[in-house]
Amino acid sequence: MFLFEFPKLLAYHKPCTLTERQLLKNYTDGVGCFKDTLPSELLLESMFLSVDPYMRPYSQRIMKEGDIMIGTQVARIVESKNPAFTVGAFVVADRGWRTHFISDGKGLQLLLSSWPESLPKSLALGTVGMPGLTAYFGLLEVCKMKPGETVLVNAAAGTVGSVVGQLAKIGGCKVVGCAGSDDKVAYLKKIGFDEVFNYKTVKSLDEVLHKASPDGYDCFFDNVGGEFASVAINQMKKYGRIAVCGAISQYNDSVPQKGPYMQMPMIYKELQMEGFLVTRWNSRREEGLQALLKWVVEGKVKCHEQVTEGFENMPMAFIGMLKGETLGKAVVKV
């Protein structure tokens, strides 16, 4: 991995052209040579960067040594030749772990025009961003929750899980969640979960799931996979729906986990289990973001961020998130 160090820039970067290196160096040295870029290009500065569980399996699958680490940022437009993007505006971009970058505008998403000035822009990486959309579409389109049903969600203190629980409550459901510390359990109770437990301290996962909802579960939003999913599937009601969003319990496995297997409860309970990627609903992104923003502004959806200061602390924030040390959304402020 290559490391560039400029007076105002510290960024992991894959090999690039001499022109790009010189542009970035001259800019950070105050020379102001953005005029040498191509028409319609713009220069952006990352303000907040996201660390998310998906980065672990995706980086293993699609990256090679020397690539920029994948990821999303909220960035401010510093200079622009593109009429669609004005200087000072904020965008969400998928440009990986770097503090500055040049773009032709493709793939940049402007923050919603209705975004309140008082609302942290970092929420565009969490509750009012990709994780929030994952909860929104996974719950509404995959789980197809209905008022009066019981929803189970694991990794509930993470961004996706906490939004799932709160949206289910807005939808008139009973919500059962689990997390990995007593502090996280207390937080989930505070934001409205009906039943919450610390999976690390319970003696029997099967018993605690049954006690929380003796009649079983209509919907299961699975962020964890592994043993938890194998136990929870036996607690589903007939015709229950399972949204498979993540498998964080398996992301660090060097040898794949083995059974127990799920076919028998799937058959006898006539369950529906569906894996999904939030990109399926890209055409409805605006709809989801507007709904999430409205609920946040109204106070119906609460947000918690764990902010790490300094770009150089990206690896520490990422590792801490994977170890379960984060409550809510993990972001890094550049």
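In this report, the structure presented in the accompanying data block is examined. (Residues numbered from 1 in each chain as written. Predicted model: local features only at pLDDT ≥ 70, side-chain atom pairs only at ≥ 80, totals over all residues. Heavy atoms only, no water.)

1. Regarding the environment of Lys200
1) Next: Locating Lys200 in the fold gives a position in the loop between strand 10 (195-198) and helix 6 (205-212).
2) Next: A relative accessible area of 54% means that Lys200 is categorised as exposed.
3) Next: Note: C-alpha distance between Lys200 and Asp182 (18 residues apart in sequence) is 9.5 Å. (Helix = DSSP H or I, 4+ residues; strand = E, 2+ residues; numbered from the N terminus. Buried < 20%, exposed > 50% of the residue type's maximum accessible area, 1.4 Å probe, protein only.)

2. Quick word on the side chain of Ser46
1) Next: Take Ser46: it is sitting in strand 3 (residues 42-50).
2) Next: Ser46 gets classed as buried once you look at its relative accessible area, which sits at 1%.
3) Next: Within the structure, Ser46 has its side chain in polar contact with the backbone oxygen of Arg98 (distance 2.8 Å).
4) Next: Every residue in contact with Ser46, bar those within four places of it in the chain, is listed here: Gln73, Val74, Ala75, Arg98, Thr99, Phe101 and Val334. (Polar contact = N/O pair within 3.5 Å; in protein donor to acceptor, adjacent residues only side chain to side chain. Contact = heavy atoms within 4.5 Å.)

3. Observations regarding the packing of helix 3 (residues 130-143) against helix 4 (residues 159-170)
1) Next: At their nearest, the axes of helix 3 and helix 4 sit 8 Å apart, and the two run at 45° to each other. When the axes of helix 3 and helix 4 are compared, the pair comes out oblique. Where helix 3 crosses over helix 4, the two elements pack in a sense that is right-handed. In contact with Pro131, Gly132, Thr134, Ala135, Tyr136 and Leu139 of helix 3, helix 4 contributes Thr159, Val160, Val163, Val164, Leu167 and Ala168. (Axes fitted to C-alpha atoms, helices over the stretch in contact; angles between N-to-C directions. Parallel < 35°, antiparallel > 145°, perpendicular 65-115°, else oblique. Left-handed = near helix turned anticlockwise from the far one by under 90°.)

4. Some words on the layout of surface pockets
1) Next: Of the voids in this model, the second largest pocket is the one considered here, and its volume is about 300 Å³.
2) Next: Gly226, Ser230, Gln250, Pro260 and Met262 are the residues nearest the centre of the second largest pocket, which is lined by 21 residues in total.
3) Next: Put simply, the parts of the chain that give the lining of the second largest pocket at least two residues each are strand 11 (217-222), helix 7 (226-232) and strand 12 (236-244).
4) Next: Considering every element that reaches the lining of the second largest pocket, the biggest residue donor is helix 7, with four residues.
5) Next: Among the residues forming the lining of the second largest pocket, the class breakdown is ten nonpolar, eight polar and three charged. (1 Å grid on protein atoms, 1.4 Å probe; cavity = no way out; pocket = protein on both sides within 12 Å on 5 of 7 lines; lining within 4 Å. Points joined across faces, edges and corners; volume = space filled by probe spheres on them. Nonpolar A, V, L, I, M, F, W, Y, C, P; charged D, E, K, R; others polar.)

5. Describing the packing of aromatic side chains
1) Next: Enumeration according to the criterion identifies eight aromatic pairs in this entry.
2) Next: Their ring planes at 40° and their centres at 6.0 Å tell us that Phe220 and Phe228 sit as a pair that is tilted.
3) Next: Classification of Phe220 as buried rests on a relative accessible area of 1%.
4) Next: Both rings, one in Phe276 and one in Trp281, keep their centres 5.9 Å apart while their planes meet at 65°; by these two values the pair is edge-to-face.
5) Next: In this structure Phe276 comes out as buried when scored by relative accessible area, which is 7%.
6) Next: Using a relative accessible area of 8% as the deciding quantity, one classes Trp281 as buried.
7) Next: Taken together through their ring pairs, the aromatic side chains of Tyr136, Phe137, Phe221, Phe276, Trp281 and Trp295 make up a single cluster. (Phe/Tyr/Trp six-rings, centres within 6.5 Å; stacked < 30°, edge-to-face > 60°.)

6. Examining unusual backbone geometry
Working note: non-glycine residues mostly have negative phi, and peptide bonds are mostly trans.
1) Next: For Ser40, which is not glycine, the phi torsion reads 75° and is therefore positive.
2) Next: With respect to the helices, strands and loops of the structure, Ser40 is situated in the loop between helix 1 (18-28) and strand 3.
3) Next: Positive phi, normally seen in glycine, also occurs at Glu270, with a value near 50°.
4) Next: Structurally, Glu270 can be placed in the loop between helix 8 (263-268) and strand 13 (272-275).
5) Next: The class for Glu270 is partly exposed, based on a relative accessible area of 41%.

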